Amino acid sequence: MPSYRHWSSWVETSICVHLVVLPARKRRTHEIRTLGYCFQLVGGVLVERSPASSEVGTCLLTLSSQLSHCRTILRLFDDVAMFVYTKQYGLGAEEEDIFVRCVSVLGNLADQLYYPCEHIAWAADARILRVDSARWWTLSTAFWGLSLLLGIARSLRMILMLRRRLRGPAVAFTRYDPGFCPEKGRHLPPSWGPCRLPRTKRRAMEAQVQSEVLTLLSNVADLANAVHWLPPGVLWAGRFPPWLVGLLGTVSSLLSVYQAVRAGGHAEAPTP
């Protein structure tokens, strides 16, 4: 069992990586998202279970709402980043599996459509545009939910594919080209022979499985909240108490922060 000193050192290292490696823009977004859901979780618990602390709980819920509004403002500048990511990914020519390629392309399209819908909804609430904001909020949430659903399908497919490879034989077959043989005075034909998979490659595949599992859990938590914010009558829409929304969002946010730290701040699509 790891000692307290080892655990403290790991936490300090993670915080340093979070502050140094991740870009300031992405780090700020992760922090605001995590704090907002944490405030909603604590505030929801206080309001529901402790009437004496309901005033504090209400203040925390208000703070959570303002942080959510802050994230909405920040996402006004995410369209270009999302477009660049979608353009770089293209039709997913680097993907080996056609299913993964299709769901990834559709997910990028859903993300790209999510942002303008949310911008219009925000502008309607701010009385910049004279349109029905509720309709545009519903549309943006639907695109977000669709993107999450496609992301879940992609992660499940990737996990199954990677586990199938890891459970297969540790020996793969590779092509050998002996070249010219002086004894026989001619070139020998190429042949296939056994070759063990490098240990580093297996470790990389195992790490990718862990990453896909974390992505799957994060998307499932976000999808539960996305359905909750849809109009009443759609599955469990509107039935979650504030603390449950905060709990799911906190879990999703912490998983995203952990993955971002592990990835070292590599470029990825901006997330709602």
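Residues numbered from 1 in each chain as written. Predicted model: local features only at pLDDT ≥ 70, side-chain atom pairs only at ≥ 80, totals over all residues. Heavy atoms only, no water.

Points about the overall build of the chain
Inference 1: Helix and strand counts for the chain come out as eight helices and four strands.
Inference 2: Its helices and strands taken in sequence order, the chain reads α-α-α-α-α-α-β-β-β-β-α-α from the N to the C terminus.
Inference 3: Residues classed as buried in the chain amount to 35% of the 272 residues present.
Inference 4: Sequence-distant contacts, at least 24 apart, represent 64% of the contacts inside the chain between residues at least 6 apart.
Inference 5: Within the structure as shown, the chain displays about 17,000 Å² of accessible surface, and the carbon and sulfur contribution to it stands at 64%. (Helix = DSSP H or I, 4+ residues; strand = E, 2+ residues; numbered from the N terminus. Buried < 20%, exposed > 50% of the residue type's maximum accessible area, 1.4 Å probe, protein only. Contact = heavy atoms within 4.5 Å. Areas by Shrake-Rupley, 256 points an atom, 1.4 Å probe, with all protein chains shown as cover.)

Observations regarding helix H3 (residues 54–74)
Inference 1: Between its first and last C-alpha atoms H3 spans 30 Å; for 21 residues at 1.5 Å apiece the expected length is 30 Å, and the two agree.
Inference 2: Of all the residues in H3, the buried ones are Gly57, Leu60, Ser64, Leu67, Arg71, Thr72 and Leu74. Along the long axis of H3, the arc covered by the buried residues comes to 165°, so they all point the same way. (Expected span 1.5 Å × (residues − 1). Arc of directions from axis to C-beta.)

Considerations on the layout of surface pockets
Inference 1: Taken as a whole, the second largest pocket encloses approximately 560 Å³ of empty space.
Inference 2: Lining the second largest pocket are 23 residues, with Tyr37, Ser68, Arg71, Arg75 and Trp229 positioned closest to its centre.
Inference 3: When contributions to the lining of the second largest pocket are tallied by element, the ones reaching two or more residues are helix H2 (24–49), H3, helix H5 (98–125) and helix H6 (133–167).
Inference 4: No other element matches H3, which puts eight residues into the lining of the second largest pocket.
Inference 5: Looking at the lining of the second largest pocket residue by residue, the classes come out as nine nonpolar, 10 polar and four charged. (1 Å grid on protein atoms, 1.4 Å probe; cavity = no way out; pocket = protein on both sides within 12 Å on 5 of 7 lines; lining within 4 Å. Points joined across faces, edges and corners; volume = space filled by probe spheres on them. Nonpolar A, V, L, I, M, F, W, Y, C, P; charged D, E, K, R; others polar.)

Brief notes about the environment of Trp136
Inference 1: Assignment of secondary structure puts Trp136 in helix H6.
Inference 2: Sequence-distant contacts of Trp136, defined by excluding residues within four places in its chain, comprise Cys117, Ile120, Ala121 and Val131.

Details of the nonpolar core
Inference 1: Formed by 13 residues in total, the largest nonpolar core has its most connected members in Tyr114, Trp144, Leu148 and Leu223.
Inference 2: At the level of secondary structure, the elements contributing two or more residues to this core comprise H5, H6 and helix H7 (199–228).
Inference 3: Among the elements that make up this core, the one with the highest residue count is H6 (five residues). (Core = buried A, V, L, I, M, F, W, Y, C linked by side-chain atoms within 4.5 Å.)

Considerations on the pattern of salt bridges
Inference 1: One pass over the full model with this rule turns up six salt bridges.
Inference 2: Residue Glu212 is joined to Arg154 by a salt bridge in which the shortest nitrogen-to-oxygen separation is 3.5 Å. Highlighted residues: Glu212 in helix H7 and Arg154 in helix H6, separated in sequence by 58 residues.
Inference 3: Owing to a relative accessible area of 9%, Glu212 belongs among the buried residues under this scheme.
Inference 4: Residue classification places Arg154 among the partly exposed positions, given a relative accessible area of 22%.
Inference 5: Overlapping salt bridges bring together Glu95, Arg154 and Glu212 as one network. (Salt bridge = Lys/Arg side-chain N within 4 Å of Asp/Glu carboxyl O.)

So, the packing of aromatic side chains
Inference 1: As enumerated under the stated definition, the model contains three aromatic pairs in all.
Inference 2: Ring centres 5.2 Å apart and planes at 75° place the aromatic pair Tyr114 and Tyr115 in the edge-to-face group.
Inference 3: Residue class for Tyr114 comes out buried when judged on its relative accessible area of 5%.
Inference 4: Pairing Trp144 with Trp229 gives two aromatic rings, centres 6.1 Å apart and planes at 20°, and the pair type is stacked. (Phe/Tyr/Trp six-rings, centres within 6.5 Å; stacked < 30°, edge-to-face > 60°.)

Section: the confidence of the model for the chain
Inference 1: Looking at the chain as a whole, its pLDDT mean stands at 82, while 76% of the residues score no less than 70.
Inference 2: Note on residues 1–22: pLDDT is under 50 here. Beyond four places in sequence and across chains, it has 19 contacts.
Inference 3: In this model residues 171–176 is a low-confidence stretch, pLDDT under 50, and it forms 23 contacts with partners more than four residues away in sequence or in other chains. (pLDDT = per-residue confidence, 0-100.)

Here we look at the packing of H5 against H6
Inference 1: Relative to each other, H5 and H6 sit at 160°, their axes nearing to 8 Å. Taken together, the axis directions place H5 and H6 in an arrangement best described as roughly antiparallel. The way H5 lies across H6 gives a crossing that is left-handed. (Axes fitted to C-alpha atoms, helices over the stretch in contact; angles between N-to-C directions. Parallel < 35°, antiparallel > 145°, perpendicular 65-115°, else oblique. Left-handed = near helix turned anticlockwise from the far one by under 90°.)

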